[in-house]
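Structural overview for review
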Amino acid sequence: MYGLRTTVARLGSTAQAVQSITHSRPLRVRGAPRTFEPMRRLFGSVSSEPFLNATSSNYVEEMYYAWLENPKNVHKSWDVFFRNANAGVPPGLAYQSPLHLNGMSQGAGSAPSLLEAQANTKKLVADHLAVHTLIRAYQVRGHHIAKLDPLGISCVDFDDAPCAVGFQNVGFYGLAESDLDKVFRLPTTTFIGGGESALPLREIIRRLELAYCQHIGVEFMFINDVEQCQWIRQKFETPDIMRFSDAEKRTLLGRMIRSTRFEEFSQRKWSSEKRFGLEGCESLIPALKTIIDMSSQRGVESVIMGMPHRGRLNVLANVIRKELEQIFCQFDSKLEAADEGSGDVKYHLGMYHKRMNRVSDKYITLSLVANPSHLEAVDPVVQGKTKAEQFYSGDTEGKRVMSLLLHGDAAFAGQGIVYETFHLSDLPSYTTHGTIHVVVNNQIGFTTDPRMARSSPYPTDVARVVNAPIFHVNADDPEAVIYVCKVAAEWRNTFHKDVVVDLVCYRRNGHNEIDEPMFTQPLMYKRIKNQKGVLQKFAQKLIGQGVVSAQKYEEEVAKYDKICEDAYARAKDEKILHPKHWLDSPWPDFFTLDGQPKNMSRPHTGITEEELQHIGNIAASVPEKDFTIHGGLSRILKGRANMVNQRLCDWALGEYMAFGSLLKDGIHVRLSGQDAERGTFSHRHHVLHDQNVDKRICIPMNYISANQAPYTVCNSSLSEYGVLGFELGFAMASPNALILWEAQFGDFNNTAQCIIDQFISSGQAKWVRQNGIVLLLPHGMEGMGPEHSSARPERFLQMCNDDRDVFPKLTEDFSMRQLYDCNWIVVYCSNPANYFHVLRRQILLPFRKPLIVFTPKSLLRHLEAKSSFDDMLPGTGFKRLIPDNGPASANPKHVRRVIFCTGKVYYELTRERTNRGLDSDVAVVRIEQLSPFPFDLVKNETERFPNADLMWCQEEHKNQGFYDYVKPRIRTTINRSRPVWYAGRESAAAPATGNKKTHLMELQRLLDTAFEL
């Protein structure tokens, strides 16, 4: 009896489980049409089977005992049932219908045998699994066969990964052509059913083809978040989801007219000018406007954009809405610029504009960041500016400020900065909470075919590393483009993650309008020559649908043509160019109305004794209660407390004083870089870690005062190019913040050389854009080998814009005027007080210039490299040059040599001078600010020691370091009346030796040279 009870229980539970899989199957009567009814017999629930009801259990037991005595005692159906159940047959198969009097089974030609029933069930399950696999194949690989290329010559190579989908490939999944009209229950991982839960296989395939294999290809199945995958499936699989009203279609047509006719007008007027037009991807303009419209409707108030040169003028005209006459003026080479700087070509310029969005009826600010020809270099800059605007507006979730990046296909795949920028996307101190990337996929890079330009099938594959969905779309289908952009904007608003829209298009002209593409892509350009324009095709479609009349279309075209002609006429009346009208990051409250500094007075950088004591005590404390710090750190904090009591600062404490005092005054300070929180050399310790509680930290700098500005210090990813670009963009957003990037070692700046060359050193000259970013570059010959010695100061000095052969006119405001005229400031401080002052001066100046600071390594703990509080009090300031204040200065006429130097070598020189007893014979003068060069102070020193010979001493090699910059300027200062001798290492290819003994020998040699009188 126990066995029967167990059997009955197993039958009930399993029947329910099987029923949950499917509850219907086809039932075919020979000669009759195919119909469907509930599969009660094989897959009925417990309640639907009388012999399994609890109320009939006694009857079942009696039948079971009778069957045990003799199977003939029960009906044949019970005999079959008990035999099957005892054999372990699944419960849905154990019961079979009794035969009719005519020998026919209910609804079948004959009673199936047990083996046939088992085989049918296995086939049914296998077929459903096969259908599920087929659906997944479309979701994973449907984009392989989507009709994405307007030219029909797809450059995407999937030969090594064929896509087995479609009616002809059902056999690949174990299905047969005869199964196409069978109905299958749909899994929960698809939305193709709409309101239906089951569909014939033929219809399943048809709907999957519509969803994944037309003009949109969706890559998303690599995303490891189920909710996100379901969201995307719903957006693309739901039947008839991509519908547009007639009004929406007319709006789209109007935008296509503007996009296309702008390029045609420009080509007519300036056929021999480079403008990098948008021909072949005109749908980009409505794509961008749709993203902006959708985002504005969802609460976005500011969009920061970055893009390459192709289509830039069109974007400025029809997305940013820059005045057309201002754009057309850029084609007139006769106009001179009204503002300072050398300017830039028209297709590199940026713009900032606040306007009403007609779709959302809300104001939105659009900023297109100026950029160089170095493709993708602007990506991290845009992200940094976006992060800053989010930070200053309190937008912690990215709901009000967003970034929008445009890319070219070859650059998106080829430039490593794209990968670096993607990897910032989800880091706490760098995330912008989702960026929309739009790739203008020309399917060619200048003259290079995709098969030569990338190893991946798509140019967008780099985005997969951050689980960003990728929407490929045929750019000759404007409606598909608009729908994809709507989904992209909604994705960003919903999940605040990156998303990529790949506009697969073509380039109707060459790389620019005067380039000949037939040299290298003859077949492609023969196809392009015969390709009908997207506006023409779309207009014909809408006219055919009755959405717009041919007359109305022609009127809209003529209307925009007239707008362009009128703007062209106004542009002819312009007499001068105004680069400041193209600013991408204006600071209206920082400057006067005409963009000038509000004053040119020298800032006061000293602070009171009370502030020094208070900030010093904070630096030596752990403000949070019950916070356990490392024992070694306890000793460091105790040492800081002792210095504060002695009124002394080392390098770390001097930096603390600068940051803390600015924060107290409401100035935001942000320091980032590799290991910046602790400091490469374990000297900073701005973030304390609880030794007992994981991830519990304390930042004492945020405890200085109740109303202080927030302090941000963050370890960056192991990236220089991307992170420095990000911090540069952050510094663009506001002049009232001190933004610093610290290299782990100074020479690591060379992997960020593009940002340094194209943005930091020349940004103001090209784009009239000031920036106050600070670069902290550890530098010094310490015997640590060639890679961690030199920050390459010669490169920074080479890019300074002052003239080495011209002695400037000295005025009362000479030092300030120098700073205002320079392109950046380069300093190499030798003591903490000067470092303190230069950091404070950076933010207190009435204008902004980049600041390059060569920071020390061994001086961080050098006993002599400490400063008194007296050097940081009110009335003190940054010293561009520190004269000799020892015995030599008491009797300057008897001094035989003046050694000019900078940075760490000063301490080695003074120690050697004392050891040789030459304190009265040799004066050592430190030039702390190398650029702009302190001509006036150097002149004073040379005149102060009229009988001394002059020497420049450095620890770097002769062809490196500061010598080539300093020597001609000293010579200009003294009107070439005396020679300037050299003491330092000989010229070399590497920055430093890898051998410690050789390093010391070289050091001794340069000291011998310096003091051989």
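Residues numbered from 1 in each chain as written. Predicted model: local features only at pLDDT ≥ 70, side-chain atom pairs only at ≥ 80, totals over all residues. Heavy atoms only, no water.

Regarding the overall build of the protein chain
Secondary structure assignment for the protein chain yields 34 helices and 30 strands. In the protein chain, which comprises 1013 residues, the proportion classed as buried is 57%. For the protein chain, contacts bridging at least 24 residues in sequence account for 79% of all contacts bridging at least 6. (Helix = DSSP H or I, 4+ residues; strand = E, 2+ residues; numbered from the N terminus. Buried < 20%, exposed > 50% of the residue type's maximum accessible area, 1.4 Å probe, protein only. Contact = heavy atoms within 4.5 Å.)

Structural notes on the pairing of strand 26 (residues 897-901)
A regular strand places its side chains so that they alternate between the two faces of the sheet. By the criterion of burial, strand 26 is predominantly enclosed, with five of the five residues buried. Going residue by residue along strand 26, you find Arg897, Ile899 and Cys901 tucked away on one face and Val898 and Phe900 tucked away on the opposite face as well. Of the crossover connections in this fold, the one passing from strand 26 over helix 31 (residues 905-915) to the parallel strand 27 (residues 922-927) is right-handed. Two elements, strand 26 and strand 29 (residues 949-957), share four bridges in a ladder whose sense is parallel. What sits directly across from Ile899, in strand 29, is Met951. (Right-handed = clockwise from strand over helix to strand, strands pointing away. Pairing = 2+ DSSP bridges.)

Some remarks on the packing of helix 9 (residues 246-269) against helix 20 (residues 550-572)
At a closest axis distance of 9 Å, the pairing of helix 9 and helix 20 adopts a crossing angle of 45°. Judged on the interaxial angle alone, helix 20 and helix 9 are oblique. As for how helix 9 packs across helix 20, the hand of that crossing is right-handed. Mapping the contact onto sequence places Leu253, Ile257, Arg258, Arg261, Phe262, Phe265, Arg268 and Lys269 in helix 9 and Tyr553, Glu556, Val557, Tyr560, Asp561, Ile563, Cys564, Glu565 and Tyr568 in helix 20. For the contact of helix 9 with helix 20, the residue count by class is ten nonpolar, no polar and seven charged. (Axes fitted to C-alpha atoms, helices over the stretch in contact; angles between N-to-C directions. Parallel < 35°, antiparallel > 145°, perpendicular 65-115°, else oblique. Left-handed = near helix turned anticlockwise from the far one by under 90°. Nonpolar A, V, L, I, M, F, W, Y, C, P; charged D, E, K, R; others polar.)

With respect to helix 23 (residues 651-664)
Helix length check: helix 23 (14 residues) gives 20 Å between terminal C-alpha atoms against 20 Å at 1.5 Å per residue, within 8%. Extensive coverage of helix 23 is indicated by the burial of 13 of its 14 residues. Within two residues after helix 23, Gly666 carries a phi angle of roughly 90°, on the positive side. (Expected span 1.5 Å × (residues − 1).)

Some words on the state of the cysteines
Cysteine pairs can be covalently joined through their sulfur atoms, and such a bond is termed a disulfide. Applying the stated criterion across every chain, the model contains zero disulfides. Not engaged in a disulfide, the cysteine Cys822 finds its nearest cysteine sulfur in Cys800; these two sulfurs lie 7.8 Å apart. A relative accessible area of 5% means that Cys822 is categorised as buried. (Disulfide = S-S within 2.5 Å.)

Digging into the pairing of strand 8 (residues 351-357)
The sheet contact formed by strand 8 and strand 9 (residues 362-368) spans seven bridges and is antiparallel. Opposite Asn357, over in strand 9, you have Lys362 as the bridge partner. Connecting the antiparallel pair strand 8 and strand 9 is a turn made up of four residues, with Asp361 showing a positive phi of about 60°.

Examining the sheet that holds strand 29
In spatial order, the strands read 25-27-26-29-30; together these five strands make up an open sheet with mixed pairing. Looking at the sheet topology across the chains shown, the edges are occupied by strand 25 (881-882) and strand 30 (980-985). Those strands touched by helix 34 (residues 996-1011) are strand 26, strand 27, strand 29 and strand 30, and its axis lies near 165° from that of strand 30.

A few points about the environment of Asn891
You can see Asn891 is positioned in the loop between helix 30 (887-890) and strand 26. Taking the C-alpha atoms as reference points, Asn891 and Arg944, separated by 53 residues in sequence, lie 9.9 Å from one another. Within the structure, the side chain of Asn891 is placed 2.8 Å from the side chain of His894, a separation counted as a polar contact. (Polar contact = N/O pair within 3.5 Å; in protein donor to acceptor, adjacent residues only side chain to side chain.)

Considerations on the sheet that holds strand 13 (residues 499-504)
The strand order 5-12-13-11-10-6-9-8 describes an open sheet built from eight strands, whose pairing is mixed. Two strands in the sheet have a free side with no partner beyond their single neighbour: strand 5 (216-219) and strand 8. Strand after strand, the sheet turns through a mean of 20° between neighbouring axes, direction not considered. In this structure, strand 5 lies alongside strand 12 (residues 470-474), joined through four bridges in antiparallel fashion. The residue bridging Gly217 from the neighbouring strand is His472, located in strand 12. Along the sheet, helix 10 (residues 284-297) contacts strand 6 (302-306), strand 8, strand 9, strand 10 (401-408), strand 11 (435-441) and strand 13; its crossing angle with strand 10, the most-contacted strand, is approximately 165°. Its contacts with the sheet put helix 17 (residues 478-495) on strand 5, strand 10, strand 11, strand 12 and strand 13, and the angle it makes with strand 12 is roughly 165°.

Side note on the side chain of His779
Of note, His779 is situated in the loop between strand 21 (774-778) and helix 27 (793-798). The buried category is assigned to His779, whose relative accessible area is 1%. Discounting residues that sit within four places of it in the chain, His779 has contacts with Ser789, Ser790, Ala791, Pro793, Tyr828, Phe854, Thr855, Pro856, Lys857, Glu956 and Phe962.

Topic: the confidence of the model for the protein chain
Taken as a whole, the protein chain shows an average pLDDT of 87; of its residues, 89% reach a score of 70 or greater. Per-residue pLDDT stays below 50 along residues 1-51; that stretch engages in 78 contacts with residues further than four places along the chain or on separate chains. Low pLDDT (under 50) marks residues 99-111, which in the prediction has twelve contacts with non-local residues, meaning those over four places away or in another chain. (pLDDT = per-residue confidence, 0-100.)

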